[in-house]
Amino acid sequence: MPDPTVVARSRERSRPFLYGGRAHPLLLLSLLIAALVALPIIGVLSNLFVVADAEAQTFTHLWQTVLPEYILNSLTIALIVTVLTAVIGIGCAWLVAVFDFPGRKLFEWALILPLAMPAYVVAYAYTDFLQFTGPIQSGLRELFGWQGRSSYWFPEIRSVSGAGILFAFILYPYVYLIVRNAFLERSPRMWDAARTLGAGPWRAFMQVSLPLARPAAAAGIALALMETLADYGAVSYFGVQTLTTGIYKSWYIFSDRTAAAQIAGVLLLTVMLLMFLEQKSRGRARYYAVGARSVVQPRAVLRGRHAVGAGLFCALPILIGFVTPLLILVHLLIDAETIVISARYVEWLCNTILLGGVTAVIAVIICVVIAYAARIAGGTAQRICNRIVGMGYAIPGAVIAVGILIPIARMDQWSSEHGVALVLSGSVIALIYAYLVRFLAVSLQSVQAGLLKITPSMDASARSLGHGPASMLMRVHAPLLWRSVLTAGLLVFVDVVKELPATLTIRPFNFDTLAVITHQLASDERLGEAALPAFTIVLIAMVPGLVNGLLVARLMVPVMVLARAIAANKLRS
């Protein structure tokens, strides 16, 4: 007859999240974190079917008048982004992964640089460059003697198509990074087999490489579309009405939080539908690479006009998405009146660094705890918690802001009715909470990637030497995780610096950040004054590579980590 003590210990080991017959503290903490992340989403969805009173039928009015236009504009921009990011991202990935031509190694890393440019910064730069009074149109009128707008046609940058093209040239790196990785991971035997059977490079690409890279391409495109739908700064500056701008109009102009939440719910359902369609498009199809992955695939050498064509195809997105906006900002900064480091600029910079630093530290601590909990104990409940925490990055910042402000406003109202001095609306606490909901996934994926590199045998050795979970984390895992933790913190810091919608909605009164002040100055057409904070944001976006001590050619490697890690997580959420 088995010993009851042995049986009890065996059951406890089989249920690792039971601690003394109760739920493990790490599981309880993970459940609390997951509930806090899910609260804004629940808050938004709970307002979808709320019937407003007769005096506040804002959503009904918007639905009967302008909401269909918002939806149509959002879908049109999404369609443009889908086509262009697919063509640019897949094309560039195929060229740098399969062929060798002059400048390939430069393009391999430089094609990532547009990710350092916030969409609203690029929008401000190109508007100044391409508008009627800008240098391009002014030069054309002087060159050809044109008089007024009626004497010639010039594409309007402030339009639906202009917004779609702008987003595509900024967000194509998501597709490029993931698809390039897929091309490099595929076995060379497949390519060699296709060429042996008489297929040329183009036919081998269409019939072999492209089908194998389809899941990666779909993931990258979905990631770009989510960023597109979440944007507010660029479309607002262009005067393009989308679902995101509709949220702000309902909130600020109509002062109807319910209508704002309902429009946010429509946007949230659109994002969920996007993820569902991506997974549905794959069905049960699975794509595997067989053979030796470690074999380096020989690249076909391009010469002559083919090499020139490949170089131009790869150079154009870099020129449009990074070099030109950067040069425009530098040109604006050359003006002596804009290069003034005032006390207000220092205040904006300090506010930005404070928010980014505090959020990054809290995010890293939370993610180390829940990722470590999943490693040492696992379990279905813990996996579900980690998945909920990871889905926040797929939710637009405006949706999260609305989902947070509604319950917080009710808490403030309840506290005031009961004589408790609790004001969370428009506070730094609420703003950091929104950042954490939005960007915990970024930190979590980096920490999990670092933990996966630590062999489980090290855990077993530490346990045999008498180390408990806490001691093992501090003395074994922490020294090995510091690079991943640093990268995780830097990625969160950069995302907080670039975040505009949530900051614009939740920030305390008279508490401005670089992103907010850039948007406000550009909205007032003070582009010269907006150049300095905008340029600072771009420089900060490059900090991860510099701090990690990488070479210039690998400056944006942390962004590659972000793109590869977050794409799969978003699509699973």
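Each remark here, short or long, concerns the structure printed above.
Residue positions are counted from 1 within each chain, in the order its sequence is given. Given that the model is predicted, a residue must reach a pLDDT of at least 70 before its local features are reported, and side-chain atom pairs must reach 80 or more before they are shown or counted; all residues, however, enter totals for whole chains, interfaces and linings. The basis for every side-chain value is the complete set of non-hydrogen atoms in the structure, without hydrogens or water.

Novice: Just checking my understanding: could you explain the nonpolar core for this structure?
Specialist: A general tendency of soluble globular proteins is for nonpolar side chains to be buried together. One finds F101, F167, Y176, V179, F183, I247 and L440 to be the most contacted residues of the largest nonpolar core, which totals 174 residues. Any two residues whose heavy atoms approach within 4.5 Å at even a single point are treated as in contact. Those residues in contact with I247, other than ones at most four positions away along the chain, are A260, I263, A264, L267, A398, V399 and V402. Residues grouped as a nonpolar core are buried Ala, Val, Leu, Ile, Met, Phe, Trp, Tyr and Cys residues, joined through side-chain atoms within 4.5 Å. Each residue is placed in one exposure class: buried if its accessible area under a 1.4 Å probe, protein chains only, is under 20% of its type's maximum, exposed if it is over 50%, and partly exposed if it falls in between.

Novice: Honestly, the pattern of salt bridges in this entry has me stumped. Any pointers?
Specialist: Pairing is possible between side chains of opposite charge, provided their charged atoms come close. One speaks of a salt bridge when a side-chain nitrogen belonging to Lys or Arg is within 4 Å of a carboxyl oxygen belonging to Asp or Glu. Inspection of every chain in the model, using the stated rule, returns seven salt bridges. Where R180 meets E108, a salt bridge forms, and the shortest distance between an N and an O atom there is 2.2 Å. Of this pair, R180 sits in helix α8 (residues 160-185) while E108 is found in helix α5 (residues 104-110), placing the two residues 72 residues apart along the sequence. For the pair formed by R180 and E108, the shared burial category is buried. Among the ionic contacts, a cluster of salt bridges with common partners joins D100, R104, E108 and R180. Secondary structure elements follow DSSP: runs of H or I no shorter than four residues count as helices, runs of E no shorter than two count as strands, and numbering proceeds from the N terminus.

Novice: Would you mind going over the packing of aromatic side chains with me for this structure?
Specialist: When two rings of Phe, Tyr or Trp (its six-membered ring) have centres within 6.5 Å they constitute a pair, described as stacked for plane angles under 30 degrees, edge-to-face for angles over 60, and tilted for the intermediate range. Counted under the stated rule, the structure contains seven aromatic pairs. Site record: aromatic cluster; members linked through ring pairs are Y120, Y124 and Y237. Criterion for a charge above a ring: Arg CZ or Lys NZ at most 6 Å from the ring centre, at most 35 degrees from the ring normal. For the cation-ring pair, R141 lies above F132, with the distance from its terminal atom to the ring centre recorded as 4.0 Å. The aromatic ring of Y237 is capped on one face by R158, whose charged end is 4.3 Å from the ring centroid.

Novice: Help me out: how do you make sense of a nonpolar patch on the surface in this one?
Specialist: Nonpolar side chains collect at one region of the surface, where L79, V83, V87 and F313 lie side by side and expose about 350 Å² of accessible area between them. In terms of residue count, helix α4 (residues 67-98) provides more of the nonpolar patch than any other element does, three residues in total. In this fold, V87 is placed in helix α4. Overall, the relative accessible area of 46% leaves V87 in the partly exposed class. Only residues whose relative accessible area exceeds 30% and that take part in no salt bridge are eligible for patches, with like-charged residues grouped when within 9 Å of each other and nonpolar side chains (Val, Leu, Ile, Met, Phe, Trp, Tyr) grouped when within 5 Å. Surface accessibility in these figures is a Shrake-Rupley result with a 1.4 Å probe; residues are shielded only by whichever protein chains are displayed.

In short, geometric facts, not functional conclusions.
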